[in-house]
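# Geometric and topological summary
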Amino acid sequence: MSQIVAILISTLVLGSIYGLVAIGMTLIYGTLRILDMSQGSMVMIGGFVAWGVLVVANSDPVVALVAAFAATFVLGTFTQLISVQPLMSRRSDLDFEMVTFITTFAVAIVFSNLALQIFGPFQKDVPPVISGSVSIIGQNLSYQSLAMAVTSIVLMGALGLFLARTRWGLAIRAVAQDLDAARTMGVPVGRLYPLTMGLASALAGIGGVFLGAQFFASPTAGDLPLLEALIVVIFGGLGSLSGTLYAAYAIGFIQSAAIVTIGETWTLPVLYGVILLVLIFRPYGLRGNPSEARL
Amino acid sequence: MTDAAPILDVRGLWAGYGDSIVVRDLDLSVGAGQTVVMIGPNGHGKTTFLRAVCGLIRPVRGEVWLAGERVDGRNPEAIAGMGLVHVMQGDGLFSDMTVEENLLMGAFPTTSWGARQGALERAYGLFPLLRERRGQRARTLSGGERRLVGLGRALMREARILLIDEPSLGLAPVMIDTVYGAIREIRERLGTTILLVEENFTHIGGVADVVHVVEMGGIVRSGSLEELSNDRTVVETYLGSL
Amino acid sequence: MNDASRVGKLPKLSAGSRLGIVALIAIVAAVPVVYTNHYVLTFLVTALITLVLNTSWNFVLGIAGVWNFGMLAIYAIGAYSEGLVMLHTGMPAPIAVLLGGVAAGAFSVLLAFPTLRLFGIYTSLLTFSFAQVVQFVIVNDPKGLTGGSFGFPTVKGLYPNLGPLAQLRAYYWTVLAVVVVATFAVAWIRSSRLGIALRTIRDAPAYAAARGVSPLKYRMLAFAISGFIAGVAGGLYLSYNQSITSSVMGLTPMSIDVTMLVIGGLGTLFGPVIGTGLLTFIQQALIDYPGVQLSILGTILLIIVVFVPGGLVGLISRTRRRLSNWVEEDETALPTTEEAARSTEAGT
């Protein structure tokens, strides 16, 4: 019983944070048709911003969240402008997915190397956003984890509202569904693409603040979240927001169950094993469809 | 022809995809309040012409003037921002968005929320069917309903000129009448300047001020609908039948 | 020149180019005779081993167009298999290297099956997952065969009876020979029916299917061949270093190898040679600034992909074409997709 509760709690926490990081990748894939390999860097940068605000400047968590959001928004926009936008006009002449996979990966290499130069290879402890914990049926749930889950869920909800209700949110979905038609409506794609990537990066940056507090800030702190987000988006089917959400919690569950039952070291191999199986039987993920990866 | 400067003025336009040029040296002008119709068989460059005018493809040569400003070479969002509204072939609806969301996209350049809601009410007033379907996803609509959403969306913002690409394409005859009823409504009630493309004369009665016959990417005959449809050579040579 | 009769032959080279290639091989082969600095030679042997790996990776990634990011795992499988053969049987090292290649080829063929139904990015995730699982198994091997994270137990090299310099030279020439053989093999395969079929499957899958070009058969062959070459590269690595850890298949080596391939020109014949050579040179030049190496490599990668499509080989052929109307052998002598499809059809 207590194992089940532990698994469920952990599923909620892990699934929410995966969802937050992965939903940005889905947003980018749906709109720009690229797999953004720099998303992990944004998690890493979010962690360092949190460390800078909370430890160096000794300021409070809200400032850290806002600063991380702003910093990764700007860097995400910048990444799009240098690694994707210049290729946009040649979209049809090249293997756009592969080329942007490589260029965003190149940016990620540079970001983590720069972080290594600036902050050094050692892990930096980030204090929890909130301290204390609550007990649920005998299982400890730290406020930090709870805050992480709640913030992630709130942000994902806010993203959903933004996409459903606002002018720019509708424009993002319109571009994802029919680029030509959206342009004839007057949607400035030259501005919309970088902003979309900025927004997605900012979500990962927020995730980075929590992950940094959960673990630590380090130049490689984004690698694992990137892999996990990749697994989630592909498991859920690229470009499908609802698929991403299901997949985030499914992956969170698999991982939690693996941690609780067979131990920490086995979690990633189990995940990869599951992915191998899923891709063998469902080549486009749970909800994906190659021809209509739409938001 | 009106005396004032034309809303749309196209001079010596060449356009196509890659190496294949489909529009060859085409001249055309549309005056304010006019409805100009281009008629011609499939594959003779009408759709390509519209796509070149609205900026979706870059013309190879020639000039496009919109309300006295040269716009060829600009991107489609900039041209759209100048008041050119394009109802694309096959509607160009956002299939996974609802009818209302599709309509709101038509008003994207309007930044004020209130103004967009006003435009929405106006579109619903003109086409009450859209209000009934407002929450439905575009992909679940019938062909005729989709076309009406496309037209309604085009009315969501002030149009200096409205380009409509084959509104009768793929529709049942009853629906075609409804769609043309809507176009007539737009023309008469709103006085919108329209450039319309069709495959034949059948449906454009009572709509067209000027008709151009397009063949092989150029205009071969022009005149009023009456003149042209009574001209046996035009009908037989270019259109096969009425 | 592009007709079906050319299928199955090496790209026709002008006498000048042939002479150039022979001269290049001769010059590279002469390096350890003239230059005996131990440190530099060690470095060059490693670069040549990387080149063998890159040649096979280029084949599967660039020519077959399959997003295989599990190549380093195949490479590691080759190395570990060779090591196990060496350790547990009395077989001579060269045979062990070849057996390592065979084992790697076999694993590679296994990996080919699930990729058949996948596209682009999905393939990359699957193959990458495969690599992660392989790495995990190697590190956490319960039976202690692989040495876990401490690395494989020391094995004997290929030339245990030679002195230090002679040994280094022997490795240099051995690996160089493998590079030459692998490059020519890939060149030959590229214009053979297999290569044409692969490129048709890559560029026009529907056409390939309509013509009965079996993706299963050809992709398995491609994976087998590339796996074998990569496995041999892994075996050479182990023999040369006499030990190996699972870090050879980490993210950093992968980034560097991908950078080499892309900078040289993915899918071209001499891309891996140029990319590996240039990047090795840059790495060497930056040896005193290890911190910024990756930043600079990442920046170069970004600039090349954005501004120099087709990598340096693409740039060179475009420049040459602009200089004269001379036909560029490396690229243009090959049939285009349509012609390729036609000649495949003719051959089937």
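What you see is a predicted model; the values in this text were computed from it and never measured. Each chain carries its own residue numbering, running from 1 in the written order of its sequence. Chains and ligands are labelled by the order in which they are written, letters from A for the one and numbers from 1 for the other. Since the coordinates come from a predicted model, pLDDT governs what is reported: local features require at least 70, and pairs of side-chain atoms require 80 or more to be given and counted, while whole-chain, interface and lining totals use all residues. In computing side-chain properties, one takes all heavy atoms of the structure into account and sets aside hydrogens as well as water.

What follows deals with the overall build of chain B. Labels follow the DSSP assignment, with helices taken as runs of H or I lasting at least four residues and strands as runs of E lasting at least two, numbered in each case from the N terminus. Along the backbone of chain B there are nine helices and 10 strands. Relative to a compact globule of 242 residues, whose C-alpha radius of gyration would be 18 Å, chain B shows 17 Å and is just as compact. Here the term buried applies to any residue with accessible area under 20% of the maximum for its type, exposed to any over 50%, and partly exposed to those in between, with areas from a 1.4 Å probe on protein chains only. Across the 242 residues that make up chain B, the buried fraction comes to 56%. The contact criterion used throughout is that any non-hydrogen atoms of two residues lie within 4.5 Å. A separation threshold of at least 6 residues defines the contact pool for chain B, and within that pool the share at least 24 residues apart is 65%. Method for areas: the Shrake-Rupley scheme with a 1.4 Å probe, in which residue coverage is limited to the protein chains shown. With the model as given, the accessible surface of chain B reaches about 10000 Å², and the carbon-plus-sulfur share is 49%. Our radius of gyration is a C-alpha quantity, and the globule rule it is checked against amounts to 2.2 Å times the number of residues to the power 0.38.

Attention now moves to the overall build of chain A. Looking only at helices and strands, chain A has 12 helices and two strands in total. What you see in chain A, going N to C, is helices and strands ordered as α-α-α-α-α-β-β-α-α-α-α-α-α-α. Principal-axis analysis of the C-alpha atoms gives chain A an extent of 60 × 45 × 35 Å. Relative to its 295 residues, chain A shows a buried fraction of 59%.

On to the nonpolar core. Note on terminology: a nonpolar core comprises buried Ala, Val, Leu, Ile, Met, Phe, Trp, Tyr and Cys residues joined through side-chain atoms within 4.5 Å. Counting 263 residues, the largest nonpolar core has Leu8(B), Phe49(B), Met105(B), Leu195(B), Ile204(B) and Trp57(C) as its most contacted members. It is helix H1 (residues 2-32) of chain A that contributes the most residues to this core, 15 residues altogether. With residues near it in sequence (within four places) discarded, Phe49(B) still touches Val10(B), Leu13(B), Val23(B), Leu26(B), Leu28(B), Met38(B) and Leu195(B). By size, the runner-up hydrophobic cluster in this structure holds 10 residues, among which are Met260(C), Leu279(C), Ile282(C) and Val308(C).

Moving on to the packing of helix H6 (residues 164-191) of chain C against helix H9 (residues 215-241) of chain C. Residue and element names in this part refer to chain C. Every axis in this analysis is a line fitted to C-alpha atoms, fitted for helices over the stretch in contact. Angles between the N-to-C directions lie between 0 and 180 degrees. Contact pair H6 / H9: the axes reach a minimum separation of 12 Å and the direction vectors enclose 175°. Relative to H9, the element H6 lies roughly antiparallel. Seen from H6, the contacting residues are Leu 168, Tyr 171, Val 175, Val 178, Ala 182, Val 186 and Ile 189; seen from H9, they are Ile 225, Ile 229, Val 232, Leu 236, Ser 239 and Tyr 240. For classification purposes, angles smaller than 35 degrees are called roughly parallel, those larger than 145 roughly antiparallel, those between 65 and 115 roughly perpendicular, and all remaining angles oblique.

This paragraph deals with the arrangement of the chains. Contacts are most numerous between chains A and C, considering all two pairs of chains that are in contact. The smallest C-alpha distance separating chain B from chain C is 17 Å, and no contact links them.

To continue, consider unusual backbone geometry. Peptide bonds are mostly trans, and most non-glycine residues show a negative phi. The phi angle at Arg33(A) is positive, at roughly 60°, despite the residue not being glycine. Its location among the elements puts Arg33(A) in the loop between H1 and helix H2 (39-56). Residue classification places Arg33(A) among the partly exposed residues on the basis of a relative accessible area of 25%. Unusually for a residue other than glycine, Glu166(B) sits at a positive phi of about 45°.

This paragraph deals with the interface of chain B and chain A. Chain B puts 27 residues into the contact, and the matching count from chain A is 23 residues. Accessible area that two parts lose when put together, with a 1.4 Å probe and added across both, is what the buried area reports. In total, chain B and chain A occlude about 2100 Å² of area from one another, counting both sides; carbon and sulfur atoms represent 59% of this. When residues of chain B are sorted by the area they lose upon contact with chain A, Glu77(B), Phe94(B) and Phe108(B) head the list and together hold 31% of the total. We count a salt bridge whenever a side-chain nitrogen from Lys or Arg sits within 4 Å of a carboxyl oxygen from Asp or Glu. At the surface where chain B touches chain A, the tally comes to three salt bridges. In this structure, Arg51(B) and Asp180(A) form a salt bridge, with 2.8 Å as the shortest nitrogen-oxygen distance. In protein, a polar contact means a hydrogen-donor-capable atom and an acceptor-capable atom, both N or O and within 3.5 Å, with residues adjacent in sequence counting only if both atoms are side-chain atoms; elsewhere, any N or O pair within 3.5 Å suffices. Where chain B touches chain A, the interface holds seven residue pairs in polar contact (both at pLDDT 80 or more).

Contact with chain C, which involves 33 residues of that partner, is made by 41 residues of chain A. Regarding the contact of chain C and chain A, the summed buried area is about 3400 Å², with carbon and sulfur atoms giving 79% of it. Counting the surface chain C buries against chain A, the share from its top three residues, Ile121(C), Tyr122(C) and Leu125(C), is 20%. Summed over the shared surface of chain C and chain A, the result is zero salt bridges. In this assembly, chain C and chain A are joined by one residue pair in polar contact (both at pLDDT 80 or more). At the level of secondary structure, the elements contributing two or more residues to the side of chain C that touches chain A comprise helix H5 (120-140), helix H10 (251-264) and helix H12 (290-307) of chain C. Here the side of chain C that touches chain A takes 11 residues from H5(C), the largest share from any one element.

Quick look at the sheet that holds strand S7 (residues 161-165) of chain B now. Residues and elements named next belong to chain B. Taken in spatial order, the six strands make up an open sheet running S6-S7-S8-S3-S9-S10, and their pairing is mixed. The sheet is open, and its two edges are formed by strand S6 (84-87) and strand S10 (218-223), each paired on a single side. Ignoring which end each strand starts from, the neighbouring axes of this sheet average 20° apart. Of the strands in this sheet, strand S3 (35-39), S7 and strand S8 (194-198) touch helix H7 (residues 173-190), which is tilted by about 160° from S8. Each pair of strands is called paired provided DSSP finds at least two bridges between the two strands.

On to the pairing of S3(B), then. Residues and elements named next belong to chain B. Within S3, five of the five residues are buried, leaving the element largely enclosed by the surrounding structure. Of the two faces of S3, both are covered, the one formed by Thr 35, Val 37 and Ile 39 as well as the one formed by Val 36 and Met 38. Pairing of S3 with S8, which is carried by five bridges, proceeds in the parallel orientation. Each residue of the ladder has a partner; that of Val 36, found in S8, is Leu 195. As judged from the four bridges shared by S3 and strand S9 (residues 210-215), these two strands associate in the parallel manner. Residue pairing for S9: Met 38 is matched across the bridge by His 212.

With eight of its eight residues buried, helix H1 (residues 46-53) of chain B lies for the most part within the structure. Listing the buried residues of H1(B) in full gives Lys46(B), Thr47(B), Thr48(B), Phe49(B), Leu50(B), Arg51(B), Ala52(B) and Val53(B).

Here the focus is the packing of helix H2 (residues 38-63) of chain C against H10(C). All names here are of chain C. Across the interface, H2 lies against H10 with an axial gap of 10 Å and an inter-helix angle of 70°. Regarding the angle of H2 to H10, the classification is roughly perpendicular. For the pair H2 and H10, the crossing hand works out as right-handed. Across the interface between the two elements, Thr 50, Leu 53, Asn 54, Trp 57, Asn 58 and Leu 61 of H2 pack against Met 254, Asp 257, Val 258, Met 260 and Leu 261 of H10. Residues are grouped as follows: Ala, Val, Leu, Ile, Met, Phe, Trp, Tyr, Cys and Pro are nonpolar; Asp, Glu, Lys and Arg are charged; all remaining types, including Gly, are polar. Partitioned by chemical class, the residues of the contact of H2 with H10 number seven nonpolar, three polar and one charged. Here is the rule for handedness: rotate from the far helix to the near one, and if that takes an anticlockwise turn smaller than a right angle the crossing is left-handed, while a clockwise turn gives right-handed.

With that settled, consider the sheet that holds strand S1 (residues 8-17) of chain B. Residue and element names in this part refer to chain B. Taken in spatial order, the four strands make up an open sheet running S2-S1-S4-S5, and their pairing is antiparallel. The sheet is open, and its two borders are formed by strand S2 (20-30) and strand S5 (69-70), each paired with just one other strand. Bridge count for strand S4 (residues 61-66) against S5 is two bridges, and the pairing is antiparallel. When the sheet's bridge partners are listed, Trp 65 is paired in S5 with Arg 70. Packing against the sheet, H1 makes contact with S1, S2 and S4, and its axis sits at approximately 115° to S1.

Here we come to the confidence of the model for chain A. Confidence scores here are pLDDT values: one per residue, from the predictor, ranging 0 to 100. For chain A, the mean per-residue pLDDT works out to 87, and 96% of the residues sit at or above 70. Taking the mean pLDDT of every element in chain A, the minimum, 78, falls on helix H12 (residues 267-281) of chain A and the maximum, 95, on helix H3 (residues 61-83) of chain A.

All names here are of chain A. In this model, helix H10 (residues 223-236) (14 residues) spans 20 Å end to end at C-alpha, consistent with the 20 Å of a helix rising 1.5 Å per residue. When you tally the buried positions in H10, you get 12 out of 14 residues, the bulk of the element. Note on H10: the residue one or two positions beyond its end, Gly 237, has a positive phi of about 95°. Here the expected span of a helix is defined as 1.5 Å times the quantity of residues minus one.

All names here are of chain B. Taken as a whole and judged by the stated rule, the model has 19 salt bridges over all chains. The residue Asp 72 makes a salt bridge to Arg 70 at a minimum N-O spacing of 2.9 Å. A salt bridge links Asp 96 to Arg 139, with the nearest nitrogen and oxygen atoms 2.7 Å apart. Remark: Arg 139 occurs in the loop between helix H5 (128-132) and helix H6 (143-154) and Asp 96 occurs in the loop between S6 and helix H3 (99-106); sequence separation between them is 43 residues. Each of the salt bridges in this network shares a partner with another, and the network as a whole consists of Asp 9, Arg 11, Glu 63, Arg 70 and Asp 72.

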